[in-house]
Amino acid sequence: MEKIVALIEQKKQEFAKLPLFEFLANKHIHPNQRLIFAPVLAPLAVGLSDLNKYVLRESSSTNKVQELINKYTYKEHYYWHGYLEHLETFGFNQLMSYGDFRLLWGEETQKTRSLCSVLERYAFQASPVQKLALAAALEGTATVFCEAALEVIMELQAIIKKEYVYLAGGDVGGENHHILNTPDMLQVLAKIELTDGERQAALELAQNVFELFTEAMHELFGHTTTNSCNTVLQTSSISVF
């Protein structure tokens, strides 16, 4: 399992260097413009909730790895569920209409929208160890994305003077969002012996997850460069959108 953990950490570091995250960190651009892609994430957010509930989770399993994956899915289900409320709280749902199916289900958002269906195919008949690799990769991408978005959201909170409620009330930097990197899980992992075939299958699955999310992040970045909410301002003159 050490090679799998090492690969995921490497890919996580590479993922954090994508253009979208550099864009999110640019404080010379109004927070609304940096988060203009937020409504486009709706199919992904809801799809990840279903992936956790109906594919990754196996409540009747007695497999120790699967039991810990189950705990992860319960945390992540509520985390993504809060996304929709978060859109409403900060007014992101006003940046574009949810009735605009040409955008949410158009070519411009195809990779983001279809990501979960591909993940479901990967996970449907996967072994617990393969699911673990998939879930760990998901956790890695989510941590990078949400930490970057959180910084922008905190800026927006200061502008619109609304109480900050982070998705489902969790802290992306806290233990609640690192369930796969806990003492219990590490103890289980230390006892797992994999064949070369099992190890290679898990490595390929983790690699595939990062590739899928990388394509989706490029797509979201493209969305930010082709759409405007007319709030690209210098930091010194930021005003409410």
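Scroll up to find the structure this text is about.
As the structure is a computational prediction, the values presented were derived from the model and not from experiment.

Rules and cut-offs
Residues numbered from 1 in each chain as written. Predicted model: local features only at pLDDT ≥ 70, side-chain atom pairs only at ≥ 80, totals over all residues. Heavy atoms only, no water. Helix = DSSP H or I, 4+ residues; strand = E, 2+ residues; numbered from the N terminus. Expected span 1.5 Å × (residues − 1). Buried < 20%, exposed > 50% of the residue type's maximum accessible area, 1.4 Å probe, protein only. Contact = heavy atoms within 4.5 Å. Polar contact = N/O pair within 3.5 Å; in protein donor to acceptor, adjacent residues only side chain to side chain. Phe/Tyr/Trp six-rings, centres within 6.5 Å; stacked < 30°, edge-to-face > 60°. Lys NZ or Arg CZ within 6 Å of the ring centre and 35° of its normal.

(A) Inspection of helix α8 (residues 128-160) at higher detail. End to end, α8 covers 45 Å across 33 residues, agreeing with the expected 48 Å (1.5 Å per residue, within 8%). In terms of residue burial, α8 counts as a mostly covered element, since 26 of its 33 residues are buried. At the exit of α8 stands K161, carrying a positive phi of roughly 60°.

(B) Region of the structure containing the environment of E58. Here E58 shows up in the loop between α4 (42-56) and α5 (64-89). Those residues in contact with E58, other than ones at most four positions away along the chain, are Q66, N70 and K131. At 2.6 Å, the side chain of E58 forms a polar contact with the side chain of K131.

(C) View of the packing of aromatic side chains. Within the structure shown, the criterion is met by five aromatic pairs. On the basis of an interplanar angle of 75° and a centroid distance of 6.2 Å, the ring pair of F15 and F210 is categorised as edge-to-face. Here F210 lies in helix α10 (residues 196-226) and F15 lies in helix α1 (residues 2-15), a separation of 195 residues in the sequence. The same class applies to F15 as to F210, namely buried. Relative to F221, the ring of F23 lies with its centre 6.0 Å away and its plane at 70°, an arrangement referred to as edge-to-face. With F23 in helix α2 (residues 19-24) and F221 in helix α10, this pair connects stretches of sequence that are 198 residues apart. Residue F221 is classed as partly exposed on the basis of its relative accessible area of 25%. One Lys or Arg, R57, reaches over the ring of Y74 and ends 3.7 Å from the middle of that ring.

Take it as geometry only, folks, not as evidence of what the structure does.
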